[in-house]
Amino acid sequence: MATAKAYAIPKTLVWEAYKRVKANGGAAGVDEESIAQFEDNLQDNLYKLWNRMCSGSYFPPPVRGVPIPKKSGGVRMLGVPTVADRIAQTVVKMELEPLLEPVFHKDSFGYRPGRSALDAVALVRKRCWKSDWVIEYDIKGLFDNIDHDLLMKAVRKHCRNPWALLYIGRWLRAPMEMEDGTLAERNKGTPQGGVVSPLLANLFLHYALDMWVVREHPGVEFCRYADDGVIHCRNQAQAERVMREIGERLRQCKLEMHPEKSRIVFCRDSNRRGNHPVIEFAFLGYSFRPRRARGRDGRVFMSFLPAVSRDALKAMRQKVRGWNIQLKSGLSHTDLSRRFNPVLKGWANYYGRFYATALNPLWKSVNKYLARWLMQKHKWLRGRKIKAGEVLTRMARSARSVFVHWRMGYCYT
């Protein structure tokens, strides 16, 4: 006689979750099983996962701890779940996300469907023209320090699904396997790298920060992307008060504002005078600061605008250098395009949305390495740097579609 399942989880939900995990790719977890290996016995693996989740006997394995270097120094630990666990988390995310999306604030952008980082940058740019002062804040170690009791209280407020609550609790407590094989127990935080973690972090900050700002400082506008955000204030006194109170609010929620990445910024432009020492802030790879702009009447003035940040530009140029284009003399320019143009196109689409001329040093670097590639490829150009640049310029102008920056007119070295 068949035994009734404790939880009714549709098989179609598990199948859809698998398709999403496959589309996203990702590394193997502690079991060292890749997506391709999981698919070698796909039907049995998915049935086993569904059966265990329905019976309540699914216990997530440890996540694999992977240290990722930070730009500011040190490392952050990424927690990589197994393929099966990513599917299980996606099942719960698909159940939970429709409940939470209508709840989240309109000015929260991180890890939400239909909202992008560029949408957030555009909103901040618009509001910097309206408000003279900005609080730039960053939450220190958000994913590592979320309080489990406070988080589950927020989850239970919106979710009555017993199996979703069960597995969220188990994921929060699942240990992390370090590189030396030891297991690190976790009594706080949600692993960065987990499928459901960004959704849970957004929910936590919705109550810890977003709704607090709405309640305690009505009229103050903000924009948040996960743990990175800005708050717009009318004057310096208001900015100082709000920043002080936000620090206290985060401490009440067992979080901490990053002392080195949080500050008050004056949005100086042609109409705003003052000598405040901080007139620049970074947000989502963009640097906001006073920049020259030209009005419709042709008049040049100073506006407060975003452009690619120095750190982002430096990282991109270092990546281009690491491609060693000049050593690939056996490849044609179309071969190089197939290999590298998708990355260049991604950079152009993201960092070129606002103040695109700030990307000129990047395009000049790419052309410099392409000119060196020509010098290695053709003996008659070796040692003739200026001539190679001229040849590259003619090539770029006659084949603009090959590289994205050539198409935009950056054909010079």
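Scroll up to find the structure this text is about.
Here we summarise the structure given alongside this text. (Residues numbered from 1 in each chain as written. Predicted model: local features only at pLDDT ≥ 70, side-chain atom pairs only at ≥ 80, totals over all residues. Heavy atoms only, no water.)

Quick look at the overall build of the chain
Within the chain, the secondary structure is distributed over 15 helices and 11 strands. Each of the three principal axes of the chain carries a C-alpha extent, and together these read 80 × 60 × 40 Å. Looking at the chain as a whole, 50% of its 413 residues are labelled buried. Within the chain, residue pairs in contact and separated by at least 24 positions form 67% of the contacts whose partners lie at least 6 positions apart. (Helix = DSSP H or I, 4+ residues; strand = E, 2+ residues; numbered from the N terminus. Buried < 20%, exposed > 50% of the residue type's maximum accessible area, 1.4 Å probe, protein only. Contact = heavy atoms within 4.5 Å.)

With respect to the sheet that holds strand E9 (residues 281-283)
Sheets are built from strands paired through backbone hydrogen bonds, the pairs being either parallel or antiparallel. Reading across from one edge, E9-E10-E11 is the order of the 3 strands in this open sheet, with antiparallel pairing throughout. On the outer flanks of this sheet lie E9 and strand E11 (300-308), each paired with one strand and no other. Within this sheet the neighbouring strands show an average axis-to-axis angle of 50°, counted without direction. Bridge count between E9 and strand E10 (residues 286-294): 3 bridges; the pairing is antiparallel. Residue pairing for E10: Ala-282 is matched across the bridge by Ser-287. Against the sheet, helix H5 (residues 117-130) engages E9, E10 and E11, with an angle of about 155° to E11. (Pairing = 2+ DSSP bridges. Axes fitted to C-alpha atoms, helices over the stretch in contact; angles between N-to-C directions.)

Considerations on empty space enclosed by the protein
Counted by the stated rule, this structure contains 1 cavity of 30 Å³ or more. Estimates place the volume of the largest cavity at around 70 Å³. Forming the walls of the largest cavity are Val-63, Asp-85, Gln-89, Trp-171, Leu-172, Ala-174, Arg-186, Thr-190, Pro-191, Gly-194, Val-196 and Ser-197. Breaking the lining of the largest cavity down by element, the ones donating at least two residues are helix H4 (83-100) and helix H8 (162-173). (1 Å grid on protein atoms, 1.4 Å probe; cavity = no way out; pocket = protein on both sides within 12 Å on 5 of 7 lines; lining within 4 Å. Points joined across faces, edges and corners; volume = space filled by probe spheres on them.)

Overview of the pattern of salt bridges
Taken as a whole and assessed by the stated rule, the structure comprises 19 salt bridges. Of the charged contacts in the structure, one is a salt bridge between Arg-20 and Glu-16, with a shortest N-O distance of 3.6 Å. You can see Arg-20 and its partner Glu-16 sitting in helix H1 (residues 11-24), 4 residues apart, about one turn around the helix. Note on Glu-16: relative accessible area 27%, which makes it partly exposed. (Salt bridge = Lys/Arg side-chain N within 4 Å of Asp/Glu carboxyl O.)

Some points on the sheet that holds strand E8 (residues 263-266)
The antiparallel open sheet is built from 4 strands, whose spatial order is E6-E7-E3-E8. This sheet does not close on itself; its edge strands, each paired only once, are strand E6 (221-225) and E8. Across this sheet, the average inter-strand angle for adjacent strands is 20°, counted without regard to direction. Alignment of strand E3 (residues 133-138) against E8, held across 4 bridges, turns out to be antiparallel. The residue of E8 that forms the bridge with Ile-135 is Ile-264. Lying on the sheet, H5 is in contact with E3, E6 and strand E7 (228-233); it crosses E6 at an angle near 155°. Across the sheet, helix H9 (residues 197-216) touches E3 and E6, and the angle it forms with E6 is around 170°.

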